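Observations on the three-dimensional arrangement
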Amino acid sequence: MRREGPAGVNAGAVPGAAAAATREPLRTEFEFELPRGFVDESGTVHRNGAMRLATARDELVPLRDVRVRENPAYLSVVLLGRVITRLGTLGSVHDGTVENMFASDLAFLQDFYRQINAEGHTRAAVACPHCSESFEVELAGSRLGES
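Note that this is a predicted model, so its numbers are computed, not measured.

**Some thoughts on the overall build of the chain**
Secondary structure assignment for the chain yields six helices and five strands. Traced from its N-terminal end to its C-terminal end, the chain shows the element sequence α-β-β-α-α-α-β-α-α-β-β. Evaluated residue by residue, the chain yields a buried proportion of 30% over its 147 residues. Here the contacts in the chain between residues at least 6 apart in sequence split such that 50% fall between residues at least 24 apart. Carbon and sulfur atoms make up 53% of the accessible area of the chain, which totals about 9,800 Å².

**Re the nonpolar core**
Phe32, Met51, Leu80, Ile84 and Leu109 are the most contacted members of the largest nonpolar core, which has 22 residues in total. Those elements that place two or more of their residues in this core are strand E1 (29-39), helix H4 (75-83), strand E3 (84-87) and helix H6 (103-119). Those residues within four positions of Ile84 in sequence are excluded, and the remaining contacts are Phe32, Ala50, Met51, Val93, Val98 and Leu109.

**Section: the pattern of salt bridges**
Under the definition given, this model contains six salt bridges. Note that Arg52 and Asp58 form a salt bridge whose closest N and O atoms lie 2.6 Å from each other. Of the charged contacts in the structure, one is a salt bridge between Arg82 and Asp58, with a shortest N-O distance of 3.1 Å. Here Asp58 lies in helix H2 (residues 56-60) and Arg82 lies in helix H4, a separation of 24 residues in the sequence. Given a relative accessible area of 30%, Arg82 falls into the partly exposed group. On the basis of relative accessibility, which here comes to 2%, the residue Asp58 falls in the buried class. If you follow the salt bridges from partner to partner, you end up with Arg52, Asp58 and Arg82 in one network.

**Things to note about the side chain of Thr97**
In this structure, Thr97 sits in helix H5 (residues 95-99). When sequence neighbours within four positions are dropped, the list of residues in contact with Thr97 reads Phe38, Leu87, Leu90 and Ser92.

**Focus: the pairing of strand E2 (residues 45-52)**
Alignment of E1 against E2, held across seven bridges, turns out to be antiparallel. Bridging across to E2, Val39 finds its partner in Val45. What sits between the antiparallel neighbours E1 and E2 is a turn of five residues, in which Gly43 has the positive phi angle 95°. In this sheet, E3 lies alongside E2 in antiparallel orientation, the contact comprising three bridges. The residue of E3 that forms the bridge with Met51 is Ile84.

Rules of the game
- Residues numbered from 1 in each chain as written.
- Predicted model: local features only at pLDDT ≥ 70, side-chain atom pairs only at ≥ 80, totals over all residues.
- Heavy atoms only, no water.
- Helix = DSSP H or I, 4+ residues; strand = E, 2+ residues; numbered from the N terminus.
- Buried < 20%, exposed > 50% of the residue type's maximum accessible area, 1.4 Å probe, protein only.
- Contact = heavy atoms within 4.5 Å.
- Areas by Shrake-Rupley, 256 points an atom, 1.4 Å probe, with all protein chains shown as cover.
- Core = buried A, V, L, I, M, F, W, Y, C linked by side-chain atoms within 4.5 Å.
- Salt bridge = Lys/Arg side-chain N within 4 Å of Asp/Glu carboxyl O.
- Pairing = 2+ DSSP bridges.

The values reported here are purely geometric and, on their own, carry no functional implication.
Written as structure tokens, this is what we have:
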């Protein structure tokens, strides 16, 4: 039997249940395209990839790595090696892959990591340097300079 409260409101309904039912499912993996691309041993360039959201474990495990203890800047290399799930046609991606990337691609991936893990999406708010108008750009899957 359904109980109704004032003005016909269903008293058994959970507040926000309708809103929760219409929400998008949680996205845990995000596509990207590197500005330059990773060049493997055979000379093949790999640009398209995917990165998953980081877990607490992903951020804690690298802190035990000797390379990170000796050089804290190495943290992002080890961390990215854990969360990049795909890069071109490579069989696997690991910290050795990341440490052999171009600096511009490493910087891109560090920004991409921060964006998806802090904001939960790949859009960034920017302002035009000429007219100061604010707008959003999509970081995932776009090449630098494209909108």
